[in-house]
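What follows is each chain in one-letter form.
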Amino acid sequence: MAATNVRGLVAALNATGCFKYKSPDAAVDFLVVGGGVVGLAVAQRLSERFPTKSTYLVERHSHAGEETSSRNSEVVHAGLYYPPQSLKTQLCLRGRHLMYERCDKYNIPYRKTGKLVVAHEHQRAYVENLFAKARQLSWPKHSPPRGAEDQVLPVSLISGAQARELEPDLSSDITAALWSPETGIVDSHSFMESLEKDISESEGGELVFSTRVVRVDPYKSKETSRLSSEEGWVVQTVTENAEQGDSLLARTLINASGLSANLIPNSLLPEASRIPMFFGRGSYAAYSGPGISQVSRLIYPCPETGPNKHAFQSLGTHLTLDLQGKVRFGPDLEWIPSPSQAAADASEYDFNEDNADFWRKHLTPSDSRLEEMHRAVTEYLPGVSFEGFRPDYVGIRPKLVLSGFQDFTIRKDYADGSRRGLMVSLMGIESPGLTSSLAIAEHVVDDVIELEHIHISQ
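What you see is a predicted model; the values in this text were computed from it and never measured.

Calculation notes
- Residues numbered from 1 in each chain as written.
- Predicted model: local features only at pLDDT ≥ 70, side-chain atom pairs only at ≥ 80, totals over all residues.
- Heavy atoms only, no water.
- Salt bridge = Lys/Arg side-chain N within 4 Å of Asp/Glu carboxyl O.
- Helix = DSSP H or I, 4+ residues; strand = E, 2+ residues; numbered from the N terminus.
- Phe/Tyr/Trp six-rings, centres within 6.5 Å; stacked < 30°, edge-to-face > 60°.
- Buried < 20%, exposed > 50% of the residue type's maximum accessible area, 1.4 Å probe, protein only.
- Lys NZ or Arg CZ within 6 Å of the ring centre and 35° of its normal.
- Pairing = 2+ DSSP bridges.
- Core = buried A, V, L, I, M, F, W, Y, C linked by side-chain atoms within 4.5 Å.
- Contact = heavy atoms within 4.5 Å.
- Polar contact = N/O pair within 3.5 Å; in protein donor to acceptor, adjacent residues only side chain to side chain.

Colleague: I tried to follow the pattern of salt bridges on my own but got confused; where do I start?
Modeller: Pairing between side chains of opposite charge can happen when their charged atoms approach one another. The tally for this structure, following the rule as stated, stands at 24 salt bridges. Close ionic contact of Glu372 with Arg375 constitutes a salt bridge, the shortest N to O distance being 3.0 Å. Here Glu372 pairs with Arg375, and both are found in helix α9 (residues 370–378), just three residues apart, close to one helical turn. One connected set of salt bridges, linked through shared partners, spans Arg45, Glu48, Arg49, Asp446 and Glu450.

Below, the structure is given as structure tokens:
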């Protein structure tokens with residue numbers, strides 16, 4: 001977890017941008033920027049944990065979850081793939097439990113389909129290592145007490161023949177598999193709607209849509225204002241196409257803006273300290289045809305582990321099901337350039353819509369990826385036909401590195417030098433972000449924000 005004090009480091013954007021500093025008109029206890037599944041989960045947790053304080057969520061789109069949160073596989077991951085003590089593993093393990101618990105409580109549609117990670121002989125060591133790691137995992141923080149016989153992550157290592165008993169369409173070349181019964185699928189839209197409802201019905205919660213952040217500054221507490229004794233962040237917003245914006249003092253700011261999450265800290269940091277963001281385009285293909293007639297579980301190949309390995313960047317082109325039983329394959333991985341990668345000066349880190357929305361032109365599905373997807377799928381389901389593939393949809397994943405493992409990043413910045421005026425930025429929240437969303441919120445609210453408040457009060 002990174003932390004820094006950014007007072008005095010406001011970059012050229014905030015000095016010369018089209019939106020000048022404007023004293024705040026009002027104050028809010030917690031301001032969440034970004035209405036994807038993670039932002040919603042954080043706002044819901046804040047409104048539940050601090051019912052007498054004000055929690056606002058601002059989202060630049062007209063509805064929640066219009067970016068990464070609505071363009072993914074809707075898989076509830078078990079927590080198999082990443083280093084045991086990483087946030088990705090710990091928050092996925094905890095988040096899976098919280099996800100299923102909330103789905104049961106609020107009648108959110110989901111199904112524990114289970115998942116097979118299938119391996120050819122040269123990949124056997126990969127699934128054996130996953131099995132060994134799963135058996136050694138400890139219960140994540142905040143987990144309720146468990147019996148000694150309870151497994152953190154139930155898995156079974158099975159032979160290729162046993163895998164074909166479960167899924168007869170699998171290739172005869174599959175010699176081993178890992179069976180994960182806790183993996184499932186969820187209606188992510190219903191899940192997000194339940195979080196919206198909680199926020200809207202809470203005492204201090206409010207959702208504000210079609211409103212974008214155009215400038216962020218540490219609050220100049222010495223200025224003459226009825227808020228002069230406050231600490232925090234001045235956040236300027238513009239609703240829809242209004243020429244004039246609003247200025248709000250956020251005592252605590254949570255940046256959960258997903259694909260744009262680096263723009264806020266980068267607008268405040270000197271050029272040498274700015275945070276790069278990379279974008280992985282993932283295409284999905286719908287499928288109807290031979291070779292899947294008896295499929296009822298999710299099927300994942302082993303990730304690439306050879307010379308062109310991307311095991312931590314993509315889990316391979318896998319088979320998923322939706323709640324109606326329809327089959328789709330994906331996502332694959334294709335890197336797309338962003339405006340900041342070509343930036344020559346600080347102005348490229350503007351909050352303007354061209355920078356924030358550059359990825360939209362990459363959302364149109366096409367058949368250009370189908371041949372490669374078909375080739376990848378036939379490695380484990382040889383009976384599928386190319387003619388059965390058709391472009392479905394495209395999602396964009398926010399990534400902080402181009403290769404190797406990168407954990408979720410939870411960055412802390414302060415408006416002054418006394419640990420007052422906290423800003424928490426959530427960056428690189430890709431898969432398993434949906435599964436982890438409630439645990440991310442629990443961690444941010446209980447382990448970061450609440451502890452900061454305790455420190456300040458001492």
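Don't stop here, the text continues.
Colleague: I would appreciate a short explanation of the packing of aromatic side chains in the present structure.
Modeller: Aromatic ring pairs: the centre-centre distance and the angle between the two ring planes describe each pair. Going through the model one piece at a time under the given rule, you end up with eight aromatic pairs. Seen in terms of ring centroids, Phe30 and Phe50 are 5.2 Å apart; in terms of plane orientation they differ by 35 degrees. Their pairing is tilted. Of this pair, Phe30 sits in strand β2 (residues 26–33) while Phe50 sits in the loop between α2 (37–49) and β3 (55–58), placing them 20 residues apart in sequence. Taken individually, Phe30 and Phe50 each receive the classification buried, so the pair is uniform in this respect. Note on Tyr81 and Tyr82: the rings are 6.4 Å apart at their centroids and 65 degrees apart in plane angle, and the pair reads as edge-to-face. Here Tyr81 matches Tyr82 in class, with each residue buried. One aromatic cluster is present, formed by Tyr81, Tyr82 and Phe405 through successive ring pairs. Above the ring of Tyr100, the side-chain terminus of Lys112 is found at 4.6 Å from the ring centroid.

Colleague: What am I meant to see in the pairing of strand β11 (residues 211–218) here?
Modeller: Successive residues of a regular strand alternate their side chains across the two faces of the sheet. Burial analysis of β11 places eight of its eight residues in the buried class, which makes it a mostly covered element. One ladder, built from seven bridges, connects β11 with strand β12 (residues 233–239); its direction is antiparallel. Paired with Arg215 across the strands is Gln236, a residue of β12.

Colleague: How should the nonpolar core be read in this particular structure?
Modeller: The nonpolar side chains of a soluble globular protein tend to be buried with one another. Among the nonpolar cores identified, the biggest contains 47 residues, and Tyr81, Val117, Ile292, Leu319, Phe329, Tyr380 and Leu381 are the most heavily contacted of them. Secondary structure elements with two or more residues in this core: β6 (115–119), α4 (124–136), β8 (176–180), β14 (278–287), β15 (298–301), β16 (318–321), β17 (327–330) and α9. Not counting chain neighbours up to four residues away, the residues in contact with Leu319 comprise Ile292, Val295, Arg297, Leu298, Ile299, Tyr300, Val327, Arg328, Phe329, Tyr380 and Leu381. In terms of nonpolar packing, the next biggest core, distinct from the first, is built from 43 residues, Val42, Val76, Met99 and Tyr414 among them.

Colleague: Help me understand the environment of Tyr81 in this model?
Modeller: If you trace the backbone, Tyr81 turns up in the loop between β4 (75–76) and α3 (87–106). A residue is classified by how much of its surface remains accessible, and Tyr81, at 9% relative accessible area, is buried. Side chain to side chain, Tyr81 and Lys115 meet in a polar contact 3.3 Å long.

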